[in-house]
Amino acid sequence: MKFIFASIFPILAFVSLVAGAPVHLVGRDVFVPPVILPNHKSVWKVGTTQTVTWNVTNPPKQITNTNAMIVLVTDGRLDIEHPLATGINVLKGTAQVVVPKVAPGKNYQILVFGDSGNTGEFFEIVN
Ligand SMILES: *[C@@H]1O[C@H](CO)[C@@H](O)[C@H](O)[C@H]1NC(C)=O
């Protein structure tokens, strides 16, 4: 037992060092913009044009990817295959989207997705 413990410990230490490195590198440049609108008071009607707003107050100095897309999230599921908008400049802080034909409900959120993403508050879509 003593032998096994002594030989496993340095391996674990090595693995955690290696695993820690890329997380740190990525963390430096990732901008995860918080979605301001829509919020819990928003009601979007199917087929209308709406404005998504996110907070660009504190972007990192260097952003690896300023090209963002806006994704509808239903019950916590991202519809990455049908983004509401693509080619958005993440530093702009606002974009127009057309509300897709989805079932009415209060289980929707918007995600602004660049390197990483952040969902906004739940909001409602009506027909
Ligand atoms: C945007 O972010 C900044 C700092 O991160 C914060 O002080 C400010 O209140 C935010 N604005 C909104 C509208 O959420």
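Just above sits the structure.
The text that follows walks through the structure, step by step, so that each part is easy to find. Quick caveat, the model's predicted, so the values are computed rather than measured.

### Examining the overall build of the protein chain
Piece 1. Within the protein chain one finds one helix and ten strands.
Piece 2. For the protein chain, the N- to C-terminal ordering of α and β elements is α-β-β-β-β-β-β-β-β-β-β.
Piece 3. Burial analysis of the protein chain (127 residues in total) assigns 30% to the buried set.
Piece 4. Within the protein chain, contacts between residues at least 6 apart in sequence are counted, and of these 64% link residues at least 24 apart.
Piece 5. Within the structure as shown, the protein chain displays about 8200 Å² of accessible surface, and the carbon and sulfur contribution to it stands at 63%.

### Comments concerning the sheet that holds strand β1 (residues 35-37)
Piece 1. If you walk across this open sheet you meet the three strands as β1-β3-β7, and the pairing is antiparallel. In this open sheet, the two edge strands, each paired with only one partner strand, are β1 and β7 (94-98). Across this sheet, the average inter-strand angle for adjacent strands is 35°, counted without regard to direction.
Piece 2. Looking at chain direction, β1 and strand β3 (residues 49-54) are connected through two bridges and run antiparallel. The residue bridging V35 from the neighbouring strand is W54, located in β3.

### Description of the packing of aromatic side chains
Pairs of aromatic rings are described using the distance from one ring centre to the other and the angle between the two planes.
Piece 1. Counted under the stated rule, the structure contains two aromatic pairs.
Piece 2. Taken together, a centroid distance of 4.7 Å and an interplanar angle of 55° make the contact between W44 and F123 tilted. Of the two residues, W44 sits in strand β2 (residues 43-45) while F123 sits in strand β10 (residues 123-126), which places them 79 residues apart along the sequence.
Piece 3. Judged by relative accessible area, F123 falls into the buried class, the value being 2%.
Piece 4. Ring geometry for Y108 versus F123: centroids 6.5 Å apart, planes at 50°, classification tilted. Of the two residues, Y108 sits in strand β8 (residues 105-113) while F123 sits in strand β10, which places them 15 residues apart along the sequence.

### Overview of the nonpolar core
Piece 1. W44, V52, W54, I70, I110, V112 and I125 are the most contacted members of the largest nonpolar core, which totals 20 residues.
Piece 2. Going through the elements one at a time, β3, β4 (67-74), β6 (85-89), β7, β8 and β10 are the ones with two or more residues in this core.
Piece 3. Look past the residues within four positions of V52 in its chain and what remains in contact with it is L37, P38, W44, I70, G93, T94, A95, V97, I110 and V112.

### Brief notes about the site of the ligand
Piece 1. The environment of the ligand is made up of I36, N55, T57 and N58.
Piece 2. For the ligand, an oxygen atom lies 2.4 Å from a polar atom in the side chain of N55.
Piece 3. The fraction of the free accessible surface of the ligand (360 Å²) that becomes covered by protein chains is 36%.

### Digging into the side chain of S42
Piece 1. Here S42 lies in the loop between β1 and β2.
Piece 2. The exposure class of S42 is buried, given its relative accessible area of 12%.
Piece 3. Polar contacts involving the side chain of S42 include one to the main-chain amide nitrogen of N39, which spans 2.9 Å.

Each value, and the rule that gives it
Residues numbered from 1 in each chain as written. Predicted model: local features only at pLDDT ≥ 70, side-chain atom pairs only at ≥ 80, totals over all residues. Heavy atoms only, no water. Helix = DSSP H or I, 4+ residues; strand = E, 2+ residues; numbered from the N terminus. Buried < 20%, exposed > 50% of the residue type's maximum accessible area, 1.4 Å probe, protein only. Contact = heavy atoms within 4.5 Å. Areas by Shrake-Rupley, 256 points an atom, 1.4 Å probe, with all protein chains shown as cover. Pairing = 2+ DSSP bridges. Axes fitted to C-alpha atoms, helices over the stretch in contact; angles between N-to-C directions. Phe/Tyr/Trp six-rings, centres within 6.5 Å; stacked < 30°, edge-to-face > 60°. Core = buried A, V, L, I, M, F, W, Y, C linked by side-chain atoms within 4.5 Å. Near = heavy atom within 4 Å. Polar contact = N/O pair within 3.5 Å; in protein donor to acceptor, adjacent residues only side chain to side chain.

Note that all results are geometric; they support no functional claim without further evidence.
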